Amino acid sequence: MNLFIDNKSGKPIYEQIYSQIKAQIISGELCEDEALPSIRNLAKDLRISVITTKRAYEELEREGFLYTVAGKGCFVAPKNVELLREENLKRIEEHLEAIRQLAATCNLTKRDLAEMLDCIWEE
């Protein structure tokens, strides 16, 4: 599992860990039932507080991306197809909003965008 902490980022460290692990689970880079590093080991490797790592893992578990086995550690949860669909829909909406804003700067209409999407879709 590869994680990168950007100290210059405005995002809290726990959020950076959470986002990167979540992205690796969604992409399939981390597989179902795969063991994650222990909270202590990850904190040590990243040179951060155990509390920070614990918070990221707790968020992932709360959202159904991880599960914990007492005495054994944290593991990637089986993929919840509906949860993944919702995550992807959220990402699509974010991209569409960025497209809408960019289109507005070019004076493109909704119809213009629909035509562009139709052309791309047909390729």
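Presented here is an overview of the structure given in this document. (Residues numbered from 1 in each chain as written. Predicted model: local features only at pLDDT ≥ 70, side-chain atom pairs only at ≥ 80, totals over all residues. Heavy atoms only, no water.)

1. Details of the overall build of the protein
Note the cut-off: Numbered from the N terminus, helices here are DSSP runs of H or I no shorter than four residues, and strands are runs of E no shorter than two. Radius of gyration means the value over C-alpha atoms here, while the globule rule gives 2.2 Å times the residue count to the 0.38 power. The rule is simple: take the accessible area with a 1.4 Å probe, protein chains only, and divide by the maximum for that residue type; under 20% is buried, over 50% is exposed, in between is partly exposed.
Along the backbone of the protein there are five helices and two strands. Tracing the protein from N to C terminus, the helices and strands come up as α-α-α-β-β-α-α. Against the compact-globule benchmark of 14 Å for 123 residues, the protein has a radius of gyration of 19 Å, which places it well outside the compact range. The 123 residues of the protein split such that 24% are buried.

2. Focus on the nonpolar core
Soluble, globular proteins show a tendency: their nonpolar side chains are buried together. Where we set the bar: What is meant by a nonpolar core is a set of buried Ala, Val, Leu, Ile, Met, Phe, Trp, Tyr and Cys residues, joined one to another through side-chain atoms within 4.5 Å. Contacts are assigned to residue pairs with any non-hydrogen atoms lying within 4.5 Å of each other.
If you look at the biggest cluster of nonpolar residues, it comprises 22 residues, and the most contacted ones within it are I17, I21, I25, L46 and Y57. Residue assignment for this core shows that the elements contributing at least two residues are α1 (13-27), α2 (39-46), α3 (50-62) and β2 (73-76). The leading source of residues in this core is α1, at six residues. In contact with L46, other than residues within four places in its own chain, are L3, I5 and I17.

3. Side note on unusual backbone geometry
In this structure, D33 takes a positive phi of about 70° despite not being glycine. Along the polypeptide, D33 turns up in the loop between α1 and α2.

4. What about the packing of α1 against α3?
Note the threshold: Interaxial angles span 0 to 180 degrees and are taken between N-to-C directions of axes, which are lines fitted to C-alpha atoms, for helices over the stretch in contact. Working definition: roughly parallel below 35 degrees, roughly antiparallel above 145 degrees, roughly perpendicular at 65 to 115 degrees, and oblique for all remaining angles. By the definition used in this description, the sense in which the near helix is turned from the far one sets the handedness, with an anticlockwise turn below a right angle giving left-handed and a clockwise turn giving right-handed. Put simply, Ala, Val, Leu, Ile, Met, Phe, Trp, Tyr, Cys and Pro go in the nonpolar bin, Asp, Glu, Lys and Arg in the charged bin, and everything else, Gly too, in the polar bin.
Two numbers describe how α1 lies on α3: the axes approach to 8 Å, and their chain directions differ by 45°. Classified by the angle between their axes, α1 and α3 sit oblique to one another. Pair α1 / α3 crosses with right-handed handedness. Seen from α1, the contacting residues are I13, Y14, I17, Y18, I21 and K22; seen from α3, they are T52, R55, A56, Y57, E59 and L60. Split by residue class, the contact of α1 with α3 holds eight nonpolar, one polar and three charged.

5. Considering the packing of aromatic side chains
Note the cut-off: Paired rings are identified among Phe, Tyr and Trp, the last through its six-membered ring, by centres lying within 6.5 Å, and are further divided according to the angle between planes into stacked (under 30 degrees), edge-to-face (over 60) and tilted (the rest). A ring is considered to have a charge above it if a Lys NZ or an Arg CZ atom is located within 6 Å of its centre and within 35 degrees of its normal.
If you walk through the whole model with that rule in mind, you get one aromatic pair. The ring centre of Y14 lies 3.7 Å from the NZ or CZ of R55, which sits over that ring.

6. Notes on the pairing of β2
To be explicit about the condition: At least two DSSP bridges between two strands are required for those strands to pair.
Relative to β2, strand β1 (residues 66-69) runs antiparallel, the two being bridged by four bridges. Across the sheet, T68 pairs through a bridge with C74, a residue of β2. Count of turn residues in the β1/β2 antiparallel hairpin: three residues, of which G71 carries a positive phi of about 80°.

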